[in-house]
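Residue-level listing of the chains:
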Amino acid sequence: MKDLLTRRNILIGAGGAVVVAGGAFEASRLLRAHHAPTPYDDLLAQIEDRDSAIEVGKVLLADAGDFDAKSAAQVLRARLRNTTFTQAANDDAAHGRLLEAQGWVLPEAAAVPCLLAAKAAM
Amino acid sequence: VSAFIDARTVPEGTELQTDLVIIGGGPAGISLALALANAPFRVMLLESGGMTFEPRTQALYNGTKTGVSYLGLQASRMRYLGGSTNVWGGWSRPMDRLDFEQRSWMPHSGWPFGLEAIEPYYPRAQALCEAGPWNYEKAENWSPEQGAMIALGDGGVVNRWFQFSQMRNSYLPTHFGLRYADDLKRVRNLAVYLHANVTRLGLAHGGGKLDQIAVATLDGRHFTVKSRFTVLASGAIETARLMLASNDVMPTGVGNQNDVVGRYFADHPIPRNIATLVMFDGKVPPYYLGNQGMQGAVMRAGLFPSEKYRRTRAVLDSSITIESPTILDALGKAAVSVTANALGVNAGNAAAFTLGGGCEVTPDPDCRIALGGERDALGMPVVTLNMRLADSDLAQFRGTLKELGRQLLLSRTGMIRLNMKNRSDWLAGLDWGNHHMGTTRASADPKKGVVDANLKVHGIADLYVVGSAVYPTYGAVNPTLSIVAMALRLADHLKGQMR
């Protein structure tokens, strides 16, 4: 045990740990889903969890076959010029502008980015 | 103190006389008998069973069913002293003012009296049910150490409270037969007959009043009762059965000149796991999830559509309860994530719960008790039930659940998943409240109802009905407390009639 704890061995070990950690960091970047640019990236930037949005969006799309992404994005974009994303979601709840994803009741402002994310992922 | 009389000891062919006979020893009959204690007239209570469950007697309740899947007709009710309180859950809550009103959006609605007619009797009814002090909505935010009530955004669903019956502070709800047997024995003007099955309401010639009541026991004895007044307090199925089967003078049965007896049968649908509730902070106070002792009562919070919401949105009454924790699937987790993100709240501790509940149904004349071809051990026709449940009623309940979801989003406290989409979803998880109602509905119009505002049978001078059989509409709360209140009101009316 004493022989292993030389200054030289400690430095080699520390260097190795840095390499391993760096490799893991790169691997996680590579494993993270890569999302191609979309015309709606300004709206999708509101979403913290893109994968969840895609999952919800796919369910919403299945019930909204005629979803017009461009128009929906325009409407939401126009709303967000005058209010925040959070306020838009609150306003939807206040006025009953709700969508259902297999029964999950969401404000429209939360649902539209999901639809856009799912559409972009198709 | 006088002992109960076993009808099997009454000599064959005896004719008993009294001033008032109550048929049925459930919560309505017992409450009525107790309320008439020491009145200046004689009262008789006829109970089919004894003091405990007896299979042969219970089998007299057997019947057949068609239509929507429903409980066995021998279930839900108990044919011995105490009646259905021998199996009730103790849930208590008064009806709302709107429950009594004629509602333009609800066919066949409207009682011949309002809440104000029974409101004065609720405190005594609450005492008889041993449901504690009259807390209900006064209980709001009484239990801060257990957490504040669920914050709901402005809208149609509100927090409300149930209270629970507790027999002498035990864990059991009050079983009226067991609890009040000694009190009944102490009533000097009352004679209680056990094992006394009424098999016929004998109308006098012309059909305008009763002449005599035929009684039989399962061991083959028969006797009759002559009484100035008669009250049927035997539940919505048995009351209709007895009136329909007593067809020797009036071919359509007693009080059935307009073909209303037995129609409009109803129960509260209790579909299970109707929705999933997610609270973003993971917290639901324990008084939503189960009964809690609070301010001298046992209470549980629930979520109800307000009267204003029901009125303005033209929807049926309902009640929603939070049942138990559940686990979210991947879509549920994703929906919570994106919704909390949009609302700007942290859902890191989010937790999910199943929702249960019950709803009012629209009165349906074709949901009906009728007589079948078979006969029971006493020779009485066995009943058949055609049970129905309208999609539109279920859709209204779903709409109320969605309103709850909207309010949770608005308050940024949580969200909801609606688990029922189509009729097969609803029917798959369907249970019932065990609340038989409506077969001798009250109405000022003899063509639309069987009893009038005083619960007297239209066209018959001396016959009354009490119990949830008289409900023309059904609300969404458990009926026992209101049944008792209506029995106490009837007692006052009968005292006036006897003068």
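Just so we're clear, the structure is a prediction, and the values are computed from it rather than from any experiment. (Residues numbered from 1 in each chain as written. Chains lettered and ligands numbered in written order. Predicted model: local features only at pLDDT ≥ 70, side-chain atom pairs only at ≥ 80, totals over all residues. Heavy atoms only, no water.)

1. Focus: the overall build of chain A
So, point 1. Of the regular secondary structure elements, chain A holds six helices and two strands.
So, point 2. The order of helices and strands in chain A, counted from the N terminus, is α-α-α-α-α-β-β-α.
So, point 3. A total of 122 residues make up chain A; the buried ones form 35% of that total.
So, point 4. Once local pairs closer than 6 in sequence are excluded, the contacts in chain A between residues at least 24 apart make up 62%.
So, point 5. Summed over all atoms, the accessible surface of chain A reaches about 7500 Å², with 58% contributed by carbon and sulfur. (Helix = DSSP H or I, 4+ residues; strand = E, 2+ residues; numbered from the N terminus. Buried < 20%, exposed > 50% of the residue type's maximum accessible area, 1.4 Å probe, protein only. Contact = heavy atoms within 4.5 Å. Areas by Shrake-Rupley, 256 points an atom, 1.4 Å probe, with all protein chains shown as cover.)

2. Re the packing of helix α4 (residues 69–82) of chain A against helix α6 (residues 108–121) of chain A
Residue and element names in this part refer to chain A.
So, point 1. Interhelical geometry of α4 versus α6 gives an angle of 140° and a closest axis separation of 10 Å. Comparing the axis directions of α4 and α6 gives the class oblique. The two elements α4 and α6 meet at a crossing, and its hand is left-handed. Contact residues: α4 offers Ala69, Ala72, Ala73, Leu76 and Arg79, while α6 offers Ala109, Val112, Pro113, Leu116 and Lys119.
So, point 2. Broken down by class, the residue content of the contact of α4 with α6 amounts to eight nonpolar, no polar and two charged. (Axes fitted to C-alpha atoms, helices over the stretch in contact; angles between N-to-C directions. Parallel < 35°, antiparallel > 145°, perpendicular 65-115°, else oblique. Left-handed = near helix turned anticlockwise from the far one by under 90°. Nonpolar A, V, L, I, M, F, W, Y, C, P; charged D, E, K, R; others polar.)

3. A short note on the confidence of the model for chain B
So, point 1. When the pLDDT values of chain B are averaged, the result is 96; 100% of them are 70 or greater.
So, point 2. For this predicted complex, the interface confidence comes out at an ipTM of 0.93, alongside a pTM of 0.93. (pLDDT = per-residue confidence, 0-100.)

4. Thoughts on the interface of chain A and chain B
Interface size is commonly expressed as the accessible area that is lost once the parts come together.
So, point 1. Taken together, the contact between chain A and chain B spans 28 residues of the former and 26 residues of the latter.
So, point 2. Both sides together, the interface formed by chain A and chain B hides about 2300 Å², and carbon and sulfur atoms give 65% of it.
So, point 3. In terms of surface lost to chain B, no three residues of chain A exceed Glu100(A), Trp104(A) and Val105(A), which account for 31% of the buried area on that side.
So, point 4. Counting across the chain A and chain B interface gives two salt bridges.
So, point 5. Between Glu100(A) and Lys402(B) there is a salt bridge; the shortest N-O distance is 3.1 Å.
So, point 6. Across the chain A-chain B interface, the total number found is 10 residue pairs in polar contact (both at pLDDT 80 or more).
So, point 7. Of the residues that constitute the side of chain A that touches chain B, the class distribution is 16 nonpolar, seven polar and five charged. (Buried area = accessible area lost by both parts, 1.4 Å probe. Salt bridge = Lys/Arg side-chain N within 4 Å of Asp/Glu carboxyl O. Polar contact = N/O pair within 3.5 Å; in protein donor to acceptor, adjacent residues only side chain to side chain.)

5. Observations concerning the sheet that holds strand β17 (residues 368–375) of chain B
Residue and element names in this part refer to chain B.
So, point 1. Taken in spatial order, the three strands make up an open sheet running β4-β18-β17, and their pairing is mixed. Of all strands in the sheet, those bounded by a partner on one side alone are β4 (63–67) and β17. Pairs of neighbouring strands in the sheet enclose a mean axial angle of 30°, with direction left out of account.
So, point 2. With five bridges joining them, β17 and strand β18 (residues 381–387) adopt antiparallel strand pairing. Each bridged residue has a counterpart across the sheet, and for isoleucine 369 the counterpart in β18 is leucine 385.
So, point 3. Those strands touched by helix α6 (residues 235–245) are β17 and β18, and its axis lies near 65° from that of β17. (Pairing = 2+ DSSP bridges.)

6. With respect to the packing of aromatic side chains
Residues and elements named next belong to chain B.
So, point 1. Following the criterion strictly, the structure yields 17 aromatic pairs over all chains and no others.
So, point 2. Ring centres 5.3 Å apart and planes at 65° place the aromatic pair phenylalanine 176 and tyrosine 180 in the edge-to-face group. Residue phenylalanine 176 and its partner tyrosine 180 are both found in helix α5 (residues 176–186); the two are separated by four residues, about one turn of the helix. Both residues of the pair, phenylalanine 176 and tyrosine 180, count as buried. (Phe/Tyr/Trp six-rings, centres within 6.5 Å; stacked < 30°, edge-to-face > 60°.)

7. Comments concerning the nonpolar core
So, point 1. Core analysis: the biggest nonpolar cluster contains 200 residues, and Val56(A), Leu20(B) and Leu201(B) have the highest contact counts within it.
So, point 2. Counting residues per element, this core draws most heavily on helix α12 (residues 480–498) of chain B, which supplies 11 residues.
So, point 3. Residues contacting Leu20(B), with those up to four places away along its chain left out, are Leu36(B), Phe41(B), Arg42(B), Val43(B), Met44(B), Ser227(B), Phe229(B), Thr230(B), Val231(B), Leu494(B) and Met498(B). (Core = buried A, V, L, I, M, F, W, Y, C linked by side-chain atoms within 4.5 Å.)

8. Section: the pattern of salt bridges
So, point 1. Here the structure, examined in full by the defined rule, presents 35 salt bridges over all chains.
So, point 2. Where Asp92(A) meets Arg79(A), a salt bridge forms, and the shortest distance between an N and an O atom there is 3.0 Å. Of this pair, Asp92(A) sits in helix α5 (residues 85–95) while Arg79(A) sits in helix α4; the two residues are 13 residues apart in sequence, bridging distant segments of the chain.
So, point 3. By relative accessible area, which is 0% here, Asp92(A) ends up buried.
So, point 4. The partner of Arg310(B) in a salt bridge is Asp317(B), and the shortest N-O contact between them spans 3.4 Å.
So, point 5. Taking the relative accessible area as the measure of exposure, Arg310(B) reaches 0% and is therefore buried.
So, point 6. Three or more residues joined by partner-sharing salt bridges are found here, namely Arg77(B), Arg79(B), Glu238(B), Arg241(B) and Asp376(B).

9. Overview of the environment of Ile118(B)
Residues and elements named next belong to chain B.
So, point 1. Among the secondary structure elements, isoleucine 118 is positioned in helix α3 (residues 115–118).
So, point 2. Residue isoleucine 118 is classed as buried on the basis of its relative accessible area, which comes to 0%.
So, point 3. When the C-alpha atoms of isoleucine 118 and serine 482 are compared, they prove to be 7.9 Å apart, with 364 residues separating the residues in sequence.
So, point 4. Setting aside residues no more than four positions away along its own chain, isoleucine 118 makes contact with Phe100, Phe113, Ala485, Met486 and Arg489.

10. Quick word on helix α3 (residues 50–63) of chain A
So, point 1. Spanning 14 residues, α3(A) covers 20 Å between terminal C-alpha atoms, matching the ideal 20 Å at 1.5 Å per step.
So, point 2. Of all the residues in α3(A), the buried ones are Arg50(A), Ser52(A), Ala53(A), Ile54(A), Val56(A), Gly57(A), Val59(A), Leu60(A) and Leu61(A). (Expected span 1.5 Å × (residues − 1).)

11. Overview of unusual backbone geometry
So, point 1. For Gln102(A), which is not a glycine, the phi torsion comes out positive at approximately 45°.
So, point 2. Tracing the sequence through the fold places Gln102(A) in the loop between β1 (98–101) and β2 (104–107).
So, point 3. Classification of Gln102(A) as partly exposed rests on a relative accessible area of 47%.
So, point 4. Backbone geometry places Leu455(B), a non-glycine residue, at a positive phi of 70°.

12. Quick word on helix α9 (residues 330–343) of chain B
Residue and element names in this part refer to chain B.
So, point 1. The first and last C-alpha atoms of α9 sit 20 Å apart over 14 residues, in line with the 20 Å expected at 1.5 Å per residue.
So, point 2. Counting buried positions along α9 yields 11 of 14 residues, so the element is predominantly enclosed.
So, point 3. Those residues of α9 lying buried are Leu331, Gly332, Ala334, Ala335, Val336, Val338, Thr339, Ala340, Asn341, Ala342 and Leu343.
So, point 4. Among the residues of α9, the N-terminal cap falls to aspartate 329, whose side-chain oxygen and the backbone nitrogen of leucine 331 are separated by 3.3 Å.

13. Quick look at the state of the cysteines
So, point 1. Using the criterion set out here, one finds zero disulfides over all chains in the structure.
So, point 2. Cys359(B) carries a free sulfur, and the closest cysteine sulfur to it, the one in Cys367(B), is 13 Å from it. (Disulfide = S-S within 2.5 Å.)

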